[in-house]
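Below are the chains, spelled out letter by letter.
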Amino acid sequence: MRRTSRIIRTRRSPDGSTRVPRTRGTARAAAAVAAGVLAVSLTACGGGDDDGGTDDKGGGAEDTGTTVTLPELDGESLQVAAVWTGAEQANFKKVLAEFEKRTGAKVTFVPAQDPIINFLGSKIAGGAPPDVALLPQPGAIKQAVDKKWAKPLGAEARAELAENYSRGWQDIGKVDGEQYGVYYKAANKSLIWYNTQVFENAGASEPKTWDELLTTAQTVYDSGVTPFSVGGADGWTLTDWFENVYLSQAGPEKYDRLARHEIKWTDPSVEEALTTLAEIWGRKDYVAGGARGALQTAFPESVTQTFTGGDQPKAAMVYEGDFVQVNIGETEAEVGTDAKVFPFPAVGDTAPVVSGGDAAVILKDSKAAQALVTFLASPDAAGVQAKLGGYLSPNRNVPNSAYPNEVQRKMAKALVDAGDDFRFDMSDQAPQVFGGTPGKGEWKALQDFLKNPRDVAGTQERLEADAAAAYGD
């Protein structure tokens, strides 16, 4: 995911993706509630399983073990493609193993590369498309439909969606009113994780506003530790930084308009957001390795280098979504004790809440493919991965107790409680050539901006030129 954010959106954008409409008032209310839940409770909790039996259910469902009936598929084989790697891939394979156990089918995971649409295009051209693909952008779903690759979901999968998902999460998997995608994985992408030992040594506190974040960064810097780790080698992390600043500063209405390219990237609101970002990106001593080092740091390393090295890690904080926990799990740090989290601070009137997600889409229609997507829409599948950590589901009937620690339970509850009220990742709504392609469009422009944060006007001009070309304006 871009990772995949977690919150909100709707209406139809120029690329055909759907988004959930709402007013500034409801946006502020939702952001305040979600941020309040996180601020009050995320950082005070431990990382163990001692609360695993809590009655605090995210969607009100009890853990019954099996909630969906699947067909017998002995002798059937399937291929499932996704860009997931490392622990994220390993955990998803356990979900596929559960499907195999219940149906008798054989499922093979196919590692894909970004942009996944290009990867799938090469597979289809070669006559060997996977049966199901996990697509990380609504725009990618629209492209797959336009290219006549994607197949509509059958009655069983649609029934699972209606039972388990809010209308907003159903709608973003639709194209022209037809259901094509099941959002199996979601992300709260408005979180900053920090090394608690560094904060304690520095006497730093969790910030609630951007100005307080800058003060916290200076406090950490004065203690001898670089404040931020930035995974700039992966352009999607930089788009997420921008989206949080822009949503909080410019507001949800402008966020929606920029996502649809109804306003230009040369708009003063974009200038303001980039100038704000430069307050961190422009301080070489605030970013681990400086701009050059950040641009050579992939996302997983940006996390692990924050939580290794004792009280002298390469950085004290790393921004990204709830899925950071997967990478923290590759270190000796424990979530809730050694690694804690606070909501992305308010830059404007309210703290931002941005979500992302990955949707399962059928490329080769069959009884087995429909059964797999139906399974992925059920609490059964999500429950398998939830207990492994580093994962959130928008499925409201996954019991909150399925998540392995209180940090994760609170984030999952905030996501589900938001209902339809979430802002979806802006770059994921864009045509993939602009919002989701390495070395091009928004990813490249923001990498260049990280390298030279003084060039606000030039960055805006490049973003607008690339956006106009991608949207066909």
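See the structure above.
So, how was this worked out
Residues numbered from 1 in each chain as written. Predicted model: local features only at pLDDT ≥ 70, side-chain atom pairs only at ≥ 80, totals over all residues. Heavy atoms only, no water. Phe/Tyr/Trp six-rings, centres within 6.5 Å; stacked < 30°, edge-to-face > 60°. Helix = DSSP H or I, 4+ residues; strand = E, 2+ residues; numbered from the N terminus. Buried < 20%, exposed > 50% of the residue type's maximum accessible area, 1.4 Å probe, protein only. Lys NZ or Arg CZ within 6 Å of the ring centre and 35° of its normal. Core = buried A, V, L, I, M, F, W, Y, C linked by side-chain atoms within 4.5 Å. Contact = heavy atoms within 4.5 Å. Pairing = 2+ DSSP bridges. Salt bridge = Lys/Arg side-chain N within 4 Å of Asp/Glu carboxyl O.

Visitor: Can you tell me about the packing of aromatic side chains, naming the residues and giving the values?
Guide: Evaluation of the coordinates by the stated rule reveals 25 aromatic pairs. Geometrically, the ring pair formed by Phe-299 and Phe-323 is edge-to-face, given 5.7 Å between the ring centres and 70° between the ring planes. Taken as a pair, Phe-299 in helix H13 (residues 299-304) and Phe-323 in the loop between strand E11 (317-319) and helix H14 (324-328) lie far apart in primary sequence, 24 residues in all. Taking relative accessible area as the criterion, Phe-323 reaches 4% and is therefore assigned buried. Here the aromatic cluster, defined as three or more aromatic residues joined through ring pairs, consists of Trp-210, Phe-228, Trp-241, Trp-281, Tyr-319, Phe-344 and Phe-449. Of note, Arg-283 hangs over the ring of Tyr-286, and the distance from its end group to the ring centre comes to 3.9 Å.

Visitor: Summarise helix H4 (residues 138-146); cite the residues concerned and give the values.
Guide: Counting buried positions along H4 yields seven of nine residues, so the element is predominantly enclosed. Those residues of H4 not exposed but buried are Pro-138, Gly-139, Ala-140, Ile-141, Lys-142, Ala-144 and Val-145. A positive phi of about 65° marks Lys-148, the residue just after H4.

Visitor: Explain the nonpolar core to me, and be specific about the residues and the numbers.
Guide: If you look at the biggest cluster of nonpolar residues, it comprises 88 residues, and the most contacted ones within it are Phe-92, Phe-99 and Trp-193. With seven residues, helix H15 (residues 367-376) is the single largest residue contributor to this core. Aside from chain neighbours lying at most four places away, what touches Phe-99 is Leu-70, Leu-73, Leu-78, Gly-104, Ala-105, Val-107, Ala-368, Ala-371, Leu-372 and Phe-375.

Visitor: I'd like a description of the pairing of strand E8 (residues 181-188), backed by residues and values.
Guide: Strand residues, when the strand is regular, have side chains that alternate between the two faces of the sheet. Within E8, eight of the eight residues are buried, leaving the element largely enclosed by the surrounding structure. Sheet topology note: the E8/strand E13 (residues 354-362) ladder contains seven bridges and is antiparallel. Bridge assignment links Ala-187 to a residue of E13, and that residue is Gly-356.

Visitor: Can you tell me about the environment of Ala-457, naming the residues and giving the values?
Guide: Of note, Ala-457 is situated in helix H21 (residues 456-471). Classification of Ala-457 by relative accessible area gives partly exposed; the value is 47%. Sequence-wise, Ala-457 and Val-270 are 187 residues apart; in three dimensions their C-alpha atoms are separated by 9.7 Å.

Visitor: Go over the pattern of salt bridges, please, and point to the residues and values.
Guide: What the rule picks out here adds up to 17 salt bridges. Put simply, Arg-102 and Glu-98 hold a salt bridge, and the shortest N to O gap is 2.9 Å. With Arg-102 and Glu-98 both in helix H2 (residues 86-103), this residue pair falls four residues apart, about one helical turn. Across the pair Glu-262 and Arg-260 runs a salt bridge whose closest N-O atoms are separated by 2.7 Å.

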